[in-house]
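The primary structure of each chain is shown beneath.
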Amino acid sequence: MKKTILITGGLGYIGSHAVIEFVKSGYEVVIIDNLSNTNIGVLDNIAKIINYKPKFYEINLINKTGLKNIFSNHNFDGVIHFAGLKAVGESCKNIGLYHNNNIVGTINLFETMEKYGVRNIIFSSSATVYKVNSEINTGLKETNLTGDTSNPYGTTKFVIEQLLKDYKNHKSWKVINLRYFNPIGAHTSGLLGENPNGIPNNLLPYIMKVATGELSEIGVFGNDYDTVDGTGVRDYIDVIDLVRGHLKAWELVENQNTKGKMEKKKVESKNNGFFETFNLGVGKGVSVLEMINIANKVVGKDIPYTIKSRRSGDLAIVYSDSSKANKILGWKTKISTMESIENSWKFYKKLKIKD
Ligand code: WQD
């Protein structure tokens, strides 16, 4: 019997790539998405890639009644929770939107999961939960302090991690928290990629839209940081490597359930909840100008840019130490930054032709 997994935000950038990987790995997948930062065409492209169209419900997590109807129609073995707004700058401008959408929506999801006895979850968290004391954050580990976040987006992720601890401690949920760094890249088919509605907030989608001519030039937010070339340094992880990390995390959750069943024979443990956190990053940093130089090689021309003032809230250097995921999940990144940008470019060229 196939295991059924609910993927929230499953038509979004990372969620859609996760749908592909989980279906290819033999899981039944059900998708919910409110289409606020994607479009229904992504479902058609998923179907083209896997020759099968997963069940999709257009719904906002704020709609608790709708959520209950979905859970009553399916027997979910678990949830992978991607759904949420994720633009750092936008979250500073519209705090209430982020608190309601990301936190209240998630509270509804968790209450509905508990009501229907769905107690396995992989949560899409973020490196923005780390308490960063300085501009330089090299080799962030899961044991680094969290909280005291620098933006409302990070606050919502931090709060949701705390909610999950309650469900682990008092309802025996099996929880894995994955803290992403900077996801980039696209599916090798060129049919899926990061295509946010409106002007991109993130670096690579913006570079790609300059390369296709849709935008005139990239603004580099500051070149006076204490870094290799003065521009911001981040840990860019390929989206396929990222979702493979989710597969490994799901296997760990399943092992916990199997272990729990075996232990049950010995002793009725009051609480056999499970809660683990893993960074998913490459473990090295790449600067803005280095990204532009790689993109120049990929697209075969120089992408125009101008140096602008720093973006508020930005840090100089942020990259991960993902050795815990390497050791415990048996996962490590395989796809190079150049390959990620090549896949992105293939995706944006197809988008341009379609337009
Ligand atoms: C990267 C670098 C900018 C745009 C993102 C997401 C957040 C989280 C972490 C998952 C910085 C510079 C950017 C531009 C630029 N992801 N830049 N010009 O800020 O690290 O955060 O990853 O949880 O959701 O927002 O990523 O791509 O915005 O910026 O110079 O037009 O590129 O200053 O140094 P960031 P980003």
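Naming follows an unreviewed UniProt entry, where the protein appears as UDP-glucose 4-epimerase of Candidatus Vampirococcus lugosii. Looking at the Catalytic activity (unreviewed entry) heading of the UniProt record, one finds this comment for the protein: "UDP-alpha-D-glucose = UDP-alpha-D-galactose".

Points about the sheet that holds strand β5 (residues 120-126)
Strand order in the open sheet formed by seven strands is β3-β2-β1-β4-β5-β7-β12, and the pairing between neighbours is parallel. Where the open sheet ends on each side, the last strands, each with one partner, are β3 (55-58) and β12 (274-280). Sheet twist, expressed as the mean angle between neighbouring strand axes with direction ignored, is 15 degrees. Note that strand β1 (residues 4-8) and strand β4 (residues 78-81) share four bridges and pair parallel. Looking across to β4, one finds that I5 is bridged to G78. In the packing of helix α6 (residues 152-171) onto the sheet, the strands contacted are β5, β7 (174-180) and β12, and the crossing angle to β5 comes to about 155 degrees.

Let's talk about the packing of helix α1 (residues 13-24) against helix α2 (residues 41-50)
Put simply, α1 and α2 touch, their axes get as near as 10 Å, and they point 30 degrees apart. By the criterion of interaxial angle, the relationship of α1 to α2 is roughly parallel. Between α1 and α2 the crossing geometry is right-handed. Only V42, I46, I49 and I50 of α2 make contact with α1, whose side of the interface consists of S16, V19, I20, V23 and K24. Classifying every residue of the contact of α1 with α2 by side-chain character gives seven nonpolar, one polar and one charged.

Rules used in this analysis
Residues numbered from 1 in each chain as written. Predicted model: local features only at pLDDT ≥ 70, side-chain atom pairs only at ≥ 80, totals over all residues. Heavy atoms only, no water. UniProt positions renumbered as here; feature names shortened; annotations may be inferred. Pairing = 2+ DSSP bridges. Helix = DSSP H or I, 4+ residues; strand = E, 2+ residues; numbered from the N terminus. Axes fitted to C-alpha atoms, helices over the stretch in contact; angles between N-to-C directions. Contact = heavy atoms within 4.5 Å. Parallel < 35°, antiparallel > 145°, perpendicular 65-115°, else oblique. Left-handed = near helix turned anticlockwise from the far one by under 90°. Nonpolar A, V, L, I, M, F, W, Y, C, P; charged D, E, K, R; others polar.

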